[in-house]
Every structure is written in C-alpha cells, then in structure tokens.
Amino acid sequence: MNAGVMLGNTVLPVFLLRDLGVAPAAFAALGIVSAIGAILGAGLSPRLSAKFGLRTLRIAAAFLSVPAVAMAIACQQLPGHELIWLSAQSLTWSFLVSISAVAGAEVLPRSVPAEELATVGSAQRTITLGIMPIAALLGGAIAALTGPVPLLCVWAVLAGAAALPILRDQSLKSFL
C-alpha cells in the first residue's frame, strides 16, 4: 500500500497539473478533500474493524482502492466534470488508506511481546516506509519515459495487490 501511496503522490500531481490543466487552486482544494477523507477513515476505522474484523477490512480497503484510483485514470471519460471524479478519487483513496493504516495499528501491540515491540515496530516502519522513496524515484523516472497514465495504472495494481499478503496470511483472523 505504501508503494502505491508514494507512486500516486508522485505521478498524480503531474497528471492533474500538466496533462489535465487543473488549476493550482483546484489542486489545493483536492488536497482538502483528501484530508477530509483521511479524517473520516481514521474516525470510522475502529467501528468498521470491530464490525467486520481487521482482516476483512484491510482486504476490502485494498480491493476498493483499485476503483478509487481508476476514477483519476478515467476522469476524462466519465460523465460530468473531471473535478467531480478527481474529488471522489481523493476522498475515497484517502479514506481507504486511512482505514488500512488505523485498522492495522492494533496488530503489533497484540502480537509482539512488549519487550520486543520497539524493535519489531522499528523494523516494520523501516520496511514499509523504505519502499516509499524507491517507488517515488522509479515511478518518476518511468513516468518521464511513458507519461503518467501508465503509472496511474500501476498505482491501481499496487493498491489492489496490498490485499495479497493479507489473503495469504491467516494470522489476522484472530483480530475480529
């Protein structure tokens, strides 16, 4: 998910500002919509996790991220103004990323002994955050060669692929 987040953060502004000609003020407004989505996701995540279970919630968030990203990719082909679809994409994407992050915060404290929590947490952060600059560099370089739209499609694939480790790992079933 973090690779997708960073790829999206790198390529989407280029697509919006350069290719679609979105005004900087409208782009800033999309940032506000995105922040609202993240706040809503963080606020609803505990309730949704309690209702559906952590595993189901994280899988659903990853799979639903694919159509969320697709709204940006297809905004020119969808009916209505592009900014409507870009707003829906910003709100939905940030909502789902926030749900995934907040819902997953309970895993380490409940599954790692207290004396190892800092070490395991540090290793997890290094791995999950370490992919972000790599995704940004590779994504930016490839987008310079191919244009941003193919990389937006890669973003959607990465977002959906975030469900694969959770689908394979049965240990999250205990987090109901």
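Notes on the structure follow.

Reading the values: rules and limits
Residue positions are given per chain, counting from 1 as you read along its sequence in written order. Local features in this predicted model are restricted to residues of pLDDT 70 or higher, and side-chain atom pairs are both shown and tallied only at a pLDDT of 80 or more, whereas totals for entire chains, interfaces and linings draw on every residue. Think of the side-chain values as coming from all heavy atoms in the structure, minus any hydrogens and water. Defined by distance alone, a disulfide is two cysteine sulfur atoms within 2.5 Å. Exposure categories follow from relative accessible area, calculated using a 1.4 Å probe and restricted to protein chains: below 20% of the type maximum is buried, above 50% is exposed, and the middle band is partly exposed. Among buried residues, those of type Ala, Val, Leu, Ile, Met, Phe, Trp, Tyr and Cys that are joined through side-chain atoms within 4.5 Å constitute a nonpolar core. Helix numbers and strand numbers start at the N terminus; a helix is a DSSP run of H or I with at least 4 residues, a strand a run of E with at least 2. Whether two residues are in contact is decided by their heavy atoms: any pair within 4.5 Å suffices. Multiplying 1.5 Å by the residue count of a helix minus one yields the expected span of that helix.

### Here we look at the state of the cysteines
Scanning all chains against the criterion turns up zero disulfides. We note that Cys 75 lacks a disulfide partner, and the nearest cysteine sulfur, in Cys 153, lies 12 Å from it. Owing to a relative accessible area of 1%, Cys 75 belongs among the buried residues under this scheme.

### Considering the nonpolar core
Within the largest apolar cluster, 23 residues are counted, with the highest numbers of intra-cluster contacts made by Leu 12, Phe 15, Leu 16, Leu 20, Leu 86, Leu 152 and Trp 155. Secondary-structure elements contributing two or more residues to this core are helix 1 (2-19), helix 2 (24-52), helix 3 (54-73), helix 4 (82-104), helix 6 (117-146) and helix 7 (148-161). With six residues, the single largest contributor to this core is helix 1. Beyond its immediate sequence surroundings of up to four residues, Phe 15 is in contact with Leu 20, Ala 72, Cys 75, Gln 76, Pro 148, Val 149 and Leu 152. In terms of nonpolar packing, the next biggest core, distinct from the first, is built from nine residues, Leu 54, Ala 61, Ala 68 and Met 71 among them.

### Comments concerning helix 1
With 18 residues, helix 1 ought to run about 26 Å at 1.5 Å a step, and its terminal C-alpha atoms sit 25 Å apart, in line with that. Here helix 1 has its buried residues at Ala 3, Gly 4, Val 5, Leu 7, Gly 8, Val 11, Leu 12, Phe 15 and Leu 16. Residues of helix 1 that are buried make contact with helix 2, helix 3, helix 4, helix 6 and helix 7. Residue Gly 21 follows helix 1 closely and has a positive phi angle near 70 degrees.

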